[in-house]
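Letter by letter, the chains look like this.
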Amino acid sequence: MRRPLPLTALLLVLAVTLGAQAPALDPATIARLREEATTRSQVYEHVWWLSEVFGPRVTGTPALTRASEWAMQKFRDWGLANVHQERWTFGQGWTINGFAATMLTPQPAVLIGAPRNYSPSTPGPITGDVVAVHIDRQGDFAKYVGQLRGKIVLMQPVRPVRMLEGPVILRMDEGNWWTEAANVPQVQPPRLPTPEERAELETRQALAAATRAFLVREEAAVLLERGADDDLSAGGSDLSWETQRVDGGTIFPGSGGSRDPQLPVQVPSATLAVEHYNRLVRLLERGQAVRMTVNIQTTFHPEGAEGNGLNTLAEIPGTDLAHEVVIVGAHMDGVPYATGATDNATGTAAMMEAVRAIQALKLRPRRTIRIALWGGEEQGLLGSRAYVARHYWDAAAKAPRPDHANVVAYFNLDNGTGRIRGIWGQGNTAALPMFEEWGAPLKDLGWRLASPRRVAATDHSSFDEVGLPGFQFIQERLEYNSRSHHSNMDTFDRVQKADVEQQGVVAAVFAWSAANSPERLPRRTPVRTTP
Ligand SMILES: [Zn+2]
């Protein structure tokens, strides 16, 4: 269904016919965009603000609200239209206010760590004995009854620390990455868990819940851990790459509570650097008494009537095809332990640069270009899902809303600081030639491939799963998986200036190309939008 054009759009159409607009995909316009987003790039500056001033931008906290207000002011300064926030139900937010962990005996030692996500506070600094607790089955609880009051509890064994000798930096020109990216993997039929496997999983989950409740009931003071057993991390999606996780003070904190205020509160907890945690365990194993002081200070932010969830939006209005929309987006929210520099100040800043560059050149796209900066990605793509549900997909009716037909493309950026090397096609093979055409003028900047592969686990999935054309760019991973992603070291120092500036150029060219292409980007599967 096509909508009648509003008066402003008609005037703009007149302006177009009078020659105020460059031809679609005019190489000179692409060259000007490249020039603007390269020589006057603001990406690096914006990453700095987003990470060092507003980081870590956790959803439901004042930090994300401040970052959103800052971005909206930028959009207004640049002259974008329809600058606004959309709120949605999230749950409680959570902020870390302070943390300290010091071993007192047998030797004083300052320990590196961070509160686990949604941990409650200790009542100020608490000093106590450190004890190792081993719960492998329900019968193990009995021997600890009455033993844990005021104690600092360790439940994991030592994790051996490997010297860094495998790949830590993931570069796509090394190994067989391109071959993998260019091919669609053989689809394996999903293997359902056997009844035994399901039963084992349920037993494990029940034991974990019972353990959390037991520590609260026994009034343990603090639970300390050292993170997951793995020292490798996957390259992303179903690709085969793995990188070695960095330790040496870099930690990947776990979960110690929930955004749902109805769920039971756990004992205060923190993740320590693996080497420091291992020392505590080894001392206890050799019969050394260990005493510590731990202070965990956090704030919960209750949800108000307007909702703690927050998306930030703005537009460059289209002209003759203004009802059709190209959306560029990235999640603005982050995890609480560092500054969210590579996850995802970089993607946010690059998408902001895309609209800034187009606007700075006073280019008028045919289709509307919208920027969407999501909240709640880290808790399960909540912001983009709320947006899609509100505007494009009626979940109750399992049917598209009218505007579903008008989304031409959603482009997402969320894999860190590395430059863009292509785009994941999400199985939409009909779209690949257009992506290759749009990427062709960017080859000297590193553009390589429109891949047929599907990837998941970030905000384009919210579009893709309801039949909307959502895509994630292919990026060099660099240290994303091994060091910066969700760690306490996701800092501005990890951001590669030339690479994030290239992201801004590619995002600008793709937004412009999709908004002005004579042919609309084809969809993967036709979706009926009329009853
Ligand atoms: Zn992310």
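Remember, predicted model here, so these are calculated numbers, not experimental data. Note on numbering: residues in each chain are counted from 1, in written sequence order. Reporting of local features is limited, given that this is a predicted model, to residues whose pLDDT is at least 70; pairs of side-chain atoms are given and counted only at 80 or more, and all residues count toward the totals for whole chains, interfaces and linings.

1. Concerning the overall build of the chain
Secondary structure elements are defined from DSSP: runs of H or I of at least 4 residues count as helices, runs of E of at least 2 residues count as strands, and each element is numbered from the N terminus. Within the chain, the regular secondary structure consists of 13 helices and 20 strands. Radius of gyration here is computed from C-alpha atoms only, and the compact-globule reference equals 2.2 Å multiplied by the residue count raised to the power 0.38. In terms of C-alpha radius of gyration, the chain reaches 25 Å, essentially the compact-globule figure of 24 Å for 531 residues. Its C-alpha atoms put the chain at 85 × 50 × 50 Å along the principal axes. Taken across its 531 residues, the chain has 48% of its residues classed as buried. Counted over contacts in the chain with a minimum sequence separation of 6, partners at least 24 positions apart contribute 84%. Counting other C-beta atoms within 10 Å of a residue's C-beta gives its exposure: the residue is buried at 20 or more, exposed at 12 or fewer, and partly exposed in between, where C-beta atoms are placed from the backbone. Two residues qualify as being in contact provided that their C-beta atoms, derived from the backbone, are within 7 Å of each other.

2. A few points about the sheet that holds strand E10 (residues 269-272)
For two strands to be treated as a pair, DSSP must find no fewer than two bridges joining them. Pairing is mixed in the open sheet, where eight strands are placed in the order E3-E2-E11-E5-E6-E7-E10-E4. A strand with exactly one partner marks an edge of an open sheet, and here the two such strands are strand E3 (109-111) and strand E4 (113-115). Between one strand axis and the next, the sheet turns by 30 degrees as a mean value, whatever way the strands run. Taken together, the eleven bridges between strand E2 (residues 93-105) and strand E11 (residues 291-301) define a ladder with antiparallel strand orientation. Orientation is described by axes fitted as lines to C-alpha atoms, over the contacting stretch for helices, and by angles from 0 to 180 degrees between their N-to-C directions.

3. Some words on the domain arrangement of the chain
As annotated, the domain borders come from an automatic or database domain assignment. The domain architecture assigned to the chain consists of domain 1 (7-15 + 34-91 + 305-414 + 425-434 + 453-473 + 483-516) and domain 2 (94-301). Taking only C-alpha atoms, the centre of domain 1 and the centre of domain 2 are 32 Å apart. Opposite the 17 residues of domain 1 that make contact, domain 2 presents 19 residues. Here the term charged refers only to Asp, Glu, Lys and Arg, the term nonpolar to Ala, Val, Leu, Ile, Met, Phe, Trp, Tyr, Cys and Pro, and the term polar to all other amino acids, Gly among them. Split by residue class, the side of domain 1 that touches domain 2 holds seven nonpolar, eight polar and two charged.

4. Observations regarding helix H7 (residues 274-285)
In this model H7 runs 16 Å from its N-terminal to its C-terminal C-alpha over twelve residues, within 8% of the 16 Å that 1.5 Å per residue would give. The complete set of buried residues in H7 reads Val274, Tyr277, Leu280 and Val281. An end-on view of H7 places all buried positions within 125 degrees of arc, on one side of the element. The inward-facing, buried residues of H7 abut strand E5 (126-132), strand E6 (152-154), strand E7 (222-225) and E10. Between the first and last residue of a helix there are one fewer steps than residues, each counted as 1.5 Å, and that sum is the expected span. To obtain the arc, one takes the directions from the helix axis to the C-beta atoms.

5. Quick look at the nonpolar core
Nonpolar cores are built from buried Ala, Val, Leu, Ile, Met, Phe, Trp, Tyr and Cys residues. These are joined into a set through C-beta atoms within 7 Å. Counting 88 residues, the largest nonpolar core has Ala354, Ile358, Ala507, Ala508, Val509 and Ala511 as the members making the most contacts within it. For this core, the element with the highest residue contribution is helix H13 (residues 497-516), accounting for eleven residues. Two domains each provide a minimum of three residues to this core, namely domain 1 (7-15 + 34-91 + 305-414 + 425-434 + 453-473 + 483-516) and domain 2 (94-301). Non-local contacts of alanine 508, meaning those with residues more than four positions away in its chain, are made with Leu33, Ala37, Glu353, Ala354, Ala357 and Ile358. Formed by 35 residues, the second largest nonpolar core is a distinct cluster that contains Met103, Ile152, Val294 and Met489.

6. Structural notes on the environment of alanine 132
Positionally, alanine 132 belongs in strand E5. Between the C-alpha atom of alanine 132 and that of lysine 151, which follows or precedes it by 19 residues, the distance is 9.8 Å. Apart from the residues lying within four places of it in its own chain, the contact partners of alanine 132 are Leu154, Val281 and Leu284.

7. Quick notes on the sheet that holds strand E13 (residues 321-331)
The strand order across the open sheet formed by eight strands is E1-E12-E14-E13-E17-E20-E18-E19, and the pairing between neighbours is mixed. Of all the strands in the sheet, the pair left with one neighbour each is strand E1 (81-88) and strand E19 (449-451). Put simply, the sheet's adjacent strands are angled 25 degrees from each other on average, direction ignored. Running at roughly 10 degrees to strand E12 (residues 309-316), helix H4 (residues 62-77) makes contact with E1, E12 and strand E14 (367-374) of the sheet.

8. Topic: the packing of helix H2 (residues 27-39) against H13
It is at 9 Å that the axes of H2 and H13 come closest, and there the two elements cross at 150 degrees. By the criterion of interaxial angle, the relationship of H2 to H13 is roughly antiparallel. Read as a crossing pair, H2 and H13 show a hand that is right-handed. Note on element contacts: H13 touches H2 through Glu501, Gly504, Val505, Ala508, Val509 and Trp512, opposite Ile30, Leu33, Arg34, Ala37 and Thr38. Class assignment of the residues belonging to the contact of H2 with H13 gives a composition of seven nonpolar, two polar and two charged. Reported orientations rely on four angle classes, namely roughly parallel under 35 degrees, roughly antiparallel over 145, roughly perpendicular from 65 to 115, and oblique for the rest. Two helices cross in a left-handed way if the nearer one is turned anticlockwise from the farther one by less than a right angle. They cross in a right-handed way if the turn is clockwise.

9. Brief notes about the confidence of the model for the chain
Predicted coordinates in areas of low pLDDT are best not read in detail. Here pLDDT means the predictor's own confidence in every residue, given as a number from 0 to 100. In this model, the chain carries an average pLDDT of 93, and 94% of its residues clear a pLDDT of 70 or more. Confidence drops under pLDDT 50 across residues 1-23; counting only partners more than four residues distant or on other chains, this segment forms 19 contacts. Within the model, the stretch residues 527-531 combines pLDDT values under 50 with seven contacts to residues more than four positions away or in other chains.

10. Comments concerning helix H10 (residues 432-439)
Burial in H10 covers these residues: Phe435, Trp438 and Gly439. The buried residues of H10 occupy one face: seen down the axis, they fall within an arc of 95 degrees.

11. So, unusual backbone geometry
With an omega of 5 degrees, the peptide bond between threonine 105 and proline 106 qualifies as cis. With respect to the secondary-structure elements, proline 106 resides in the loop between E2 and E3. Aspartate 343 connects to asparagine 344 through a cis peptide bond whose omega is 15 degrees. Residue position: asparagine 344 is located in helix H8 (residues 341-360). With a phi close to 75 degrees, alanine 457 is a non-glycine residue in the positive phi region. Tracing the sequence through the fold places alanine 457 in the loop between E19 and helix H11 (460-464). Assessed through the 13 C-beta atoms surrounding it within 10 Å, alanine 457 is described here as partly exposed. A positive phi is found at histidine 486, a non-glycine position, where the angle reads about 70 degrees. If you trace the backbone, histidine 486 turns up in the loop between helix H12 (480-484) and H13.

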